[in-house]
Amino acid sequence: MDWIDTEAYRVPINGRFDLSTQDPETKDNGLSKLQAEQLTREGVERLAELQNILYADGRHGLLILFQATDAAGKDSTIKHVMSGVNPQGVKVYSFKQPSVEELSHNWLWRYSSRVPARGFIGIFNRSYYEEVLVVKVRDLIGQQRLPPNLLGDSLWKWRYDDINAFERHLTNNGIRVVKFFLNISKEEQRRRFLKRLNQPSRNWKFSPSDLRERDSWDEYQKAFEKMLCKTSSVHAPWYCIPMNRKRFGRLVVMKIIVETLDAMNLSYPTLTSQQRAAIDAAHQSINY
């Protein structure tokens, strides 16, 4: 996958990012289905190897976030990219509408308790970024029963600040954060919705709320762009992944995750002299 330049998909940290200029139909250099499958197998093997070292190393964790419009391919991307990892070392969380108990706590509470421990990979399928997306677009902030002095236009700036501080806190504690915005066109979303409607095996994936959210497409695009501009950082970068062609987008995601783990300089623990002596003794015992 050397021909994939992952830096081309990284959202700049200078606050200047125009989502409308990002082509969700980015060309895949003529990548065939067979080639994509081979590259996926190679990537899965490398990711499995790095996950094993991550667990043994025990000094780092990895939090992977996925945000997107409906039908952008979050579920299938997680399924394909993480297909070879040890399920004991990976936990996936999908955040739905908050419960009464969750609403009574600070808005980061239900997310922070699911951050992976060191040695593990955690995946958020939707995340605390919903608090500056659906809550903002649908004007759901009233459900959180905040004091009146905390409401107003400054609220969203405070939330971006809280997110950046939270992600810096995770990084300072050995938890690397990498974030993916899966970018599809409105027309591609329409085609995928039609598949859900026309194919019985996909009917279960359709919800009337999908169409209600689609009616707010432009508002969501603005909210996504603001999110990307305000919260892409050196320690917790956003990547805007073109997903009209799923097999190409998945390869980009996989390569970024592999590069992120590689950059941690992971290693198996160095054995002490006592541990080596115990291994030598075990060898002699077994070979006796």
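Nothing here was measured: the structure is a model prediction, and the numbers come from that model. (Residues numbered from 1 in each chain as written. Predicted model: local features only at pLDDT ≥ 70, side-chain atom pairs only at ≥ 80, totals over all residues. Heavy atoms only, no water.)

### A closer look at the overall build of the protein
Item 1. The number of helices and strands found in the protein is 11 helices and 5 strands.
Item 2. In terms of overall dimensions, the protein has a C-alpha envelope of 75 × 50 × 40 Å along the principal axes.
Item 3. At a minimum sequence separation of 6, the contacts of the protein that also span at least 24 residues come to 83%.
Item 4. Summing over all exposed atoms, the protein offers an accessible surface of approximately 15,500 Å²; the carbon and sulfur share of this is 50%. (Helix = DSSP H or I, 4+ residues; strand = E, 2+ residues; numbered from the N terminus. Contact = heavy atoms within 4.5 Å. Areas by Shrake-Rupley, 256 points an atom, 1.4 Å probe, with all protein chains shown as cover.)

### Overview of empty space enclosed by the protein
Item 1. Counted according to the given criterion, the structure contains 1 cavity of 30 Å³ or more.
Item 2. By volume, the largest cavity is sized at about 30 Å³.
Item 3. What lines the largest cavity is simply Ile-64, Phe-66, Thr-77, Ile-78, Val-81, Met-82, Ile-123 and Ile-257.
Item 4. Every element with two or more residues in the lining of the largest cavity is listed here: strand E1 (61–68) and helix H2 (74–81).
Item 5. The dominant element in the lining of the largest cavity, judged by the number of residues it contributes, is H2, at 3 residues.
Item 6. When grouped by side-chain class, the residues that make up the lining of the largest cavity number 7 nonpolar, 1 polar and no charged. (1 Å grid on protein atoms, 1.4 Å probe; cavity = no way out; pocket = protein on both sides within 12 Å on 5 of 7 lines; lining within 4 Å. Points joined across faces, edges and corners; volume = space filled by probe spheres on them. Nonpolar A, V, L, I, M, F, W, Y, C, P; charged D, E, K, R; others polar.)

### So, helix H6 (residues 154–172)
Item 1. Over its 19 residues, H6 extends 27 Å from the first C-alpha to the last, a length consistent with the 27 Å expected when each residue adds 1.5 Å.
Item 2. Within the sequence span of H6, burial applies to Leu-155, Trp-156, Arg-159, Tyr-160, Ile-163, Phe-166, Glu-167 and Leu-170. Down the axis of H6, the buried side of the element spans an arc of 140 degrees, and every buried residue falls inside it. In H6, the exposed positions that point more than 90 degrees away from the buried face belong to Lys-157 and Asn-172.
Item 3. Looking at the packing, one finds that the buried side of H6 touches E1, helix H4 (109–112), helix H5 (134–137), strand E4 (175–183) and helix H9 (217–231).
Item 4. Residue Gly-174 follows H6 closely and has a positive phi angle near 90 degrees. (Expected span 1.5 Å × (residues − 1). Buried < 20%, exposed > 50% of the residue type's maximum accessible area, 1.4 Å probe, protein only. Arc of directions from axis to C-beta.)

### Observations regarding the packing of aromatic side chains
Item 1. For the structure shown, the criterion picks out 14 aromatic pairs.
Item 2. Aromatic side chains Phe-66 and Phe-180 sit 5.4 Å apart centroid to centroid with 25 degrees between the ring planes, which places their arrangement in the stacked category. Linking Phe-66 in strand E1 with Phe-180 in strand E4, this pair joins segments that are 114 residues apart in sequence. The same class applies to Phe-66 and to Phe-180, which are both buried.
Item 3. Joined through ring pairs, the aromatic side chains of Tyr-93, Phe-95, Tyr-111, Phe-124, Tyr-128, Tyr-129, Phe-166 and Trp-238 make up one cluster. (Phe/Tyr/Trp six-rings, centres within 6.5 Å; stacked < 30°, edge-to-face > 60°.)

### Quick look at the layout of surface pockets
Item 1. One number sums up the size of the second largest pocket: a volume of about 200 Å³.
Item 2. Every residue lining the second largest pocket is counted, 13 residues in all, and those nearest its centre are Leu-103, His-105, Asn-106, Trp-107 and Gln-144.
Item 3. Looking at side-chain class alone, the lining of the second largest pocket contains 4 nonpolar, 4 polar and 5 charged residues.

### Here's the deal with the pattern of salt bridges
Oppositely charged side chains can pair when the atoms bearing their charge come close.
Item 1. For the coordinates displayed, the defined rule picks out 18 salt bridges.
Item 2. Residues Arg-245 and Glu-25 are paired through a salt bridge, measuring 3.0 Å at the closest nitrogen-oxygen approach. Here the residue Arg-245 occupies a position in the loop between strand E5 (238–242) and helix H10 (246–262), and Glu-25 occupies one in the segment before helix H1 (33–57), the gap between them amounting to 220 residues.
Item 3. In this structure, Arg-191 and Glu-187 form a salt bridge, with 3.4 Å as the shortest nitrogen-oxygen distance. (Salt bridge = Lys/Arg side-chain N within 4 Å of Asp/Glu carboxyl O.)

### Overview of the sheet that holds E5
Item 1. Reading across from one edge, E2-E3-E1-E4-E5 is the order of the 5 strands in this open sheet, with parallel pairing throughout. Strands at the two margins of the open sheet, each flanked by one partner only, are strand E2 (90–94) and E5. The sheet shows a mean angle of 20 degrees between the axes of neighbouring strands, direction not considered.
Item 2. When E4 meets E5, the two strands line up parallel, connected through 5 bridges. In the strand pairing of E5, Lys-179 is matched with Trp-238. (Pairing = 2+ DSSP bridges. Axes fitted to C-alpha atoms, helices over the stretch in contact; angles between N-to-C directions.)

### Observations regarding the environment of Asp-215
Item 1. Summarising the element assignment, Asp-215 is placed in the loop between helix H8 (208–214) and H9.
Item 2. Taking the C-alpha atoms as reference points, Asp-215 and Pro-242, 27 residues apart in sequence, are found 22 Å from one another.

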